[in-house]
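Descriptive structure summary
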Amino acid sequence: MPRHKNSGNNNQRRDFFHKEELKQKGLSEKLVRLRGMKDVIFEENKYWDLVIKKASDLAEVYGFKKIQTPILEPLELYRKSTGESSDIVSKEMYAFVDKNGEKIALRPEITPSLVRAYIENGMLNMPHPVKMYSVGPIFRHEKPQAGRYRQSHQFDMEIFGEASPVADFLLMLIAYNIFSELQIDIELQVNNIGCKQCRGEYIKKLTGYYKERGNRARLCNDCKRRLDKNPLRLLDCKEANCISLKEGAPPIVDFLCEDCKKKFTRVLEYLDEMNIPYNLNLNLVRGLDYYTGTVFEITAKEDPEKNQGGQLSLGGGGRYDTLVEFFGGRPTPTCGLALGIERTVAKIKTSGVPLEKDDKNIIFLAQLGDAARRKAMLLFEELRKSGLKVKQAFTRDSLKDQLEEANALGAKLTLILGQKEMNDKTILIRDMESGNQEVIDYKKVKTEVEKRINAV
Ligand code: AMP
């Protein structure tokens, strides 16, 4: 498919230029970051903090509690949940044998860890539903491209022990709120892939369709393999031939049992009532093995990549009612979602979402001479502990350099402590906007600074 070909060429080209660049800088290829990995440097973290804070605050508002689980887990956890037939487990896992001979993996998604933690920590005995959220890295050995990393980060939410479709809707509502409050216009695709009861009949029909003469031969090699292992995944394939074959496949909605139909209708009614726009996408199945019932995916609207058929999702989720039981717990209806942090950050950076600035009422503390520096360091701690937004450049000797830094930081006031002020037990206070300076009694410095800040 052209998209794959191009992205392959682009990657090779990028790699070539990257290697050239390293050579020019005299850097060894072995001492630079791995392919598909990313450094998040200084200012960019403000966007990360914004996304994570927005998502966490909203999760808390809706009653979710934070949980942290290890990044390394037994390999078996993913084989049993994410599934052997998923690309994630069959092709993309960072799995290895550790020093004790145990087969372990860097988590390729967060949900299985949360299911494990729910069972292992006896949460079955807590009042239900148990709602939790977690944020952190995941690892998938994918082909790196724009928006696709080998280490990426997800914001994950799960609701354990709630069969009502309100729970499915709640997840979509929260995701919608997170993105719209970050000023990202999204498209929400929704489907229902049936439960254990209704799916069996559908799978038979679907397999029959793909095995019809002529159809099977047109499938990509991966789909030929999936046809026996997990035929639902054929609906999710991105290869051109498989996409066109999918058009004629029987839609699952025609096979849903009464209960699934009722729940699906309810989810859509809630979305309508809350004015959350969505598209029914009867081919949406998602890439993991454990989903049952509702599935949904979120993409950004008007993505320039869309026309190239390469639109990347910002998040997705759904119901997985059988997984807790499959792991040895009590039957527990569960649903969850995962949002990608990198892609969300990239989106808000390009759409110019303003960051809240924390540059009001900055007080810069400048010093001249070693004795003044020592006294300034004590004063700095005192002012900082009293809650003032104080900044410094104690490693610098020149007053000019320090004033330049104060200016660059947008300081409102600069306090200057030099030899003369040390002798007179005073300190100089300079209003950075007007340039006016005043000498004040050293003992009164904190009161005077607070007076001026509060007067703003
Ligand atoms: P998934 O667990 O595949 O449903 O992914 C949920 C979300 O995580 C996606 O919608 C993306 O935003 C993000 N994501 C998944 N894989 C990657 C990746 N390799 N690089 C960047 N973001 C990713």
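All values reported here derive from a predicted model rather than from experimental measurement.

Looking at the sheet that holds strand 12 (residues 362–367)
One open sheet holds the five strands; their spatial order is 13-12-14-15-16, and the pairing between them is mixed. Whereas interior strands pair on both sides, the edge strands pair on one side only; in this sheet they are strand 13 (389–392) and strand 16 (437–441). Between one strand axis and the next, the sheet turns through 30 degrees on average, direction left out of account. Two elements, strand 14 (residues 413–417) and strand 15 (residues 426–431), share four bridges in a ladder whose sense is antiparallel. Among the inter-strand pairings, Ile416 is bridged to a residue of strand 15, identified as Leu428. Each of strand 12, strand 13 and strand 14 is contacted by helix 15 (residues 399–409), which is oriented at about 175 degrees to strand 12, the strand it contacts most.

Concerning helix 13 (residues 341–350)
Regarding helix 13, the residues found buried are Ile341, Glu342, Thr344, Val345, Lys347 and Ile348. Following helix 13 by one or two positions, Gly352 adopts a phi angle in the positive range, close to 70 degrees.

Section: the domain arrangement of the chain
Many analyses report the size of an interface as the accessible area lost when the parts associate. Per the domain assignment, the segments of the chain are domain 1 (44–195 + 257–351) and domain 2 (362–455). Taking the mean C-alpha position of each, domain 1 and domain 2 sit 49 Å from one another.

Describing unusual backbone geometry
A negative phi angle is the norm for most residues apart from glycine, just as the trans form is the norm for most peptide bonds. Of note, the amide linkage connecting His128 to Pro129 takes the cis form, showing an omega dihedral of 0 degrees. Looking at where Pro129 falls in the secondary structure, it is placed in the loop between helix 5 (111–120) and strand 5 (130–139). Positive phi values are uncommon outside glycine, yet Lys425 reaches one of about 55 degrees. Tracing the sequence through the fold places Lys425 in the loop between helix 16 (419–424) and strand 15. On the accessibility criterion, Lys425 (57% relative accessible area) is exposed.

Some thoughts on the nonpolar core
Formed by 85 residues in total, the largest nonpolar core has its most connected members in Phe64, Met157, Phe160, Tyr210, Leu271 and Ile298. When residues in this core are grouped by element, the largest group, 10 residues, is from helix 6 (residues 165–181). Beyond its immediate sequence surroundings of up to four residues, Leu271 is in contact with Phe169, Met172, Leu188, Val190, Ile276 and Tyr278. Counting 21 residues, the second largest nonpolar core, distinct from the first, contains Ala372, Leu388, Tyr442 and Val445.

Thoughts on the site of the ligand
Residues in close proximity to the ligand total 14 residues, the closest being Arg140, Glu142, Tyr149, Arg286 and Ser313. Here an oxygen atom of the ligand sits 2.6 Å away from a polar atom, N or O, in the side chain of Arg286. Arg343 has a polar side-chain atom sitting 3.5 Å from a nitrogen atom of the ligand. When the free accessible area of the ligand is taken as 480 Å², the share hidden by the protein chains comes to 92%. The set of elements that each furnish at least two residues to the shell around the ligand consists of strand 6 (151–160), strand 10 (313–319) and strand 11 (334–340). Among the elements that take part in the shell around the ligand, strand 10 stands out by supplying three residues, more than any other. When the residues that make up the shell around the ligand are grouped by side-chain class, the tally is three nonpolar, six polar and five charged.

Section: the pattern of salt bridges
For the structure on display, the rule yields 38 salt bridges. With a shortest N-O distance of 3.9 Å, Arg233 and Asp87 are connected by a salt bridge. Within this pair, whereas Arg233 is found in the loop between helix 9 (221–229) and helix 10 (240–246), its partner Asp87 is found in helix 4 (residues 87–91), the two being separated by 146 residues in sequence. You can call Arg233 buried: its relative accessible area is 6%. A salt bridge links Glu258 to Lys261, with the shortest nitrogen-to-oxygen separation between them at 3.6 Å.

What counts, and where the lines are drawn
- Residues numbered from 1 in each chain as written.
- Predicted model: local features only at pLDDT ≥ 70, side-chain atom pairs only at ≥ 80, totals over all residues.
- Heavy atoms only, no water.
- Pairing = 2+ DSSP bridges.
- Helix = DSSP H or I, 4+ residues; strand = E, 2+ residues; numbered from the N terminus.
- Axes fitted to C-alpha atoms, helices over the stretch in contact; angles between N-to-C directions.
- Contact = heavy atoms within 4.5 Å.
- Buried < 20%, exposed > 50% of the residue type's maximum accessible area, 1.4 Å probe, protein only.
- Domains from an automatic or database assignment.
- Core = buried A, V, L, I, M, F, W, Y, C linked by side-chain atoms within 4.5 Å.
- Near = heavy atom within 4 Å.
- Polar contact = N/O pair within 3.5 Å; in protein donor to acceptor, adjacent residues only side chain to side chain.
- Areas by Shrake-Rupley, 256 points an atom, 1.4 Å probe, with all protein chains shown as cover.
- Nonpolar A, V, L, I, M, F, W, Y, C, P; charged D, E, K, R; others polar.
- Salt bridge = Lys/Arg side-chain N within 4 Å of Asp/Glu carboxyl O.

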